[in-house]
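Reading the structure
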Amino acid sequence: MTRIFYFLIICLIISCGRNGTNSGNKIITVSIAPFKYFVEEIAGNDFTVNIMVPAGADPHTYEPFPDQIIKLRKSVAYISNGYLGFEMNWLGRFYETNQTMKRLSLGDKIDLLATQPDHPGGHIEGADPHYWVSPKCALVIANSVRGLLIELNPSQRQKYESNYQLLISKIQEVDNKARKSFSDVPIKCFMIYHPNLAYVARDYGLEEIAVEFEGKEPTPSRMRELIDRARKDNLKTIFVQMEYDTKNAKAIAGEIGAEIVLIDPLSENWQKSTTDIIDALHKSLLNSSK
């Protein structure tokens, strides 16, 4: 049985039940784990957060489990990325399952980067969906989430405004760290398997070199180009998101004597994971400059 079949069965079962909240806190469903961070930083424990794409799953191709659909049915709001592959396949069905929940697409207020419209990962209208990793985009995300939470629970507006200001301070600390880290390195390029740091590169004057080419495994000629480029710029690190296979990255690393560094942009702890990514990037750029 496919997950789609399970989805239909669950919808039939719960369509006869009550539509609304669970017996405890109201539920907000989010597409990916980093969005939970923004909800909880602003709302505290006022809401239970249901994550559609759990840790270790690929948000381009993921299919939800029945228990996630049950929580979706009880959600008062859905916070989407707006440009992830699994959303293209599922978001319409999610909204049909719960037509009363509020909808927030975080990508709507982001200055988006274009990518290949026919990317196998399913990016909608050619937009790069990985904007949440950049602290500058995170400031926009926080503002959007604040607005939704106040709309959902206006009696707690003062609390949410106060928590929002604290969150902005945390994000600005990461932003300041990034600006300082990337301003003092002569080499500005880095190599990564799946191109999920393009917004970080854009916002802080770096160049992202992706091992994937138009969303596909690199051809032999592309592998040679990557190896030549890595040697030219003395690249000593290849970044790989935890959810991806390291085979091709290891092949390049073996040719140029580089190390593989795993990053976790899908962590629930946005502040820590983004800080770790910035530190790792800074270290790799310094090593390339030697």
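What counts and how
Residues numbered from 1 in each chain as written. Predicted model: local features only at pLDDT ≥ 70, side-chain atom pairs only at ≥ 80, totals over all residues. Heavy atoms only, no water. 1 Å grid on protein atoms, 1.4 Å probe; cavity = no way out; pocket = protein on both sides within 12 Å on 5 of 7 lines; lining within 4 Å. Points joined across faces, edges and corners; volume = space filled by probe spheres on them. Nonpolar A, V, L, I, M, F, W, Y, C, P; charged D, E, K, R; others polar. Helix = DSSP H or I, 4+ residues; strand = E, 2+ residues; numbered from the N terminus. Buried < 20%, exposed > 50% of the residue type's maximum accessible area, 1.4 Å probe, protein only. Pairing = 2+ DSSP bridges. Right-handed = clockwise from strand over helix to strand, strands pointing away. Contact = heavy atoms within 4.5 Å. Axes fitted to C-alpha atoms, helices over the stretch in contact; angles between N-to-C directions.

Before going further, it helps to examine empty space enclosed by the protein. For the coordinates displayed, the defined rule picks out two cavities of 30 Å³ or more. Roughly 40 Å³ of internal volume is contained in the largest cavity. Here the lining of the largest cavity is composed, by residue class, of five nonpolar, four polar and no charged. In this structure, the second largest cavity encloses a volume near 30 Å³. What lines the second largest cavity is Cys-189, Phe-190, Met-191, Leu-235, Lys-236, Thr-237, Ser-284, Leu-285 and Ser-288. Residue assignment for the lining of the second largest cavity shows that the elements contributing at least two residues are β5 (189–192) and α10 (270–289). Its residues placed into classes, the lining of the second largest cavity shows five nonpolar, three polar and one charged.

Below, the discussion takes up the pairing of strand β7 (residues 237–241). On any regular strand, side chains alternate: one points to one face of the sheet, the next to the other face. Of all five residues in β7, five are buried, a share of seventy percent or more. Burial of the side chains of β7 extends over both faces: Thr-237, Phe-239 and Gln-241 are buried on one face and Ile-238 and Val-240 on the other. Sheet topology places β5 next to β7; two bridges connect them, and they run parallel. Bridging across to β7, Ile-192 finds its partner in Phe-239. Here β7 runs beside strand β8 (residues 259–263); their pairing, made up of five bridges, is parallel. Residue Gln-241 lies in a different strand from β8, and its bridge partner there is Ile-263. You can see the chain leave β7, run along helix α9 (residues 247–256) and come back into β8, and the turn it takes is right-handed.

Turning our attention to the environment of Arg-229. Within the secondary structure layout, Arg-229 lies in helix α8 (residues 220–232). Along the primary structure Arg-229 and Ile-209 are separated by 20 residues, whereas in three dimensions their C-alpha atoms are 9.0 Å apart. Apart from the residues within four sequence positions on either side, Arg-229 is in contact with Cys-189, Glu-207 and Ile-209.

With that settled, consider the sheet that holds strand β1 (residues 26–32). An order of β2-β1-β3-β4 is seen for the four strands of this open sheet, with the pairing classed as parallel. Strand pairing shows two members of the sheet lacking a second neighbour, β2 (47–53) and β4 (102–105), which therefore form its edges. Put simply, the sheet's adjacent strands are angled 20° from each other on average, direction ignored. In the sheet, β1 pairs with strand β3 (residues 75–80) via four bridges, with the strands oriented parallel. Residue pairing across strands places Val-30 opposite Ile-79, the latter belonging to β3. The strands touched by helix α2 (residues 33–43) within the sheet are β1, β2 and β3, with β1 carrying the most contacts at an inclination of about 145°.

The next subject is the sheet that holds β8. Strand order in this open sheet of four strands is β6-β5-β7-β8, and the pairing throughout is parallel. Of all the strands in the sheet, just β6 (207–210) and β8 have a single pairing partner and so form its edges. Neighbour-to-neighbour, the strand axes of this sheet turn through a mean angle of 35°, independent of strand direction. Relative to β6, β5 runs parallel, the two sharing four bridges. Within the sheet, the bridge partner assigned to Phe-190 lies in β6 and is Glu-208. Against the sheet, α8 contacts β5 and β6, and its axis sits at roughly 145° relative to β6.

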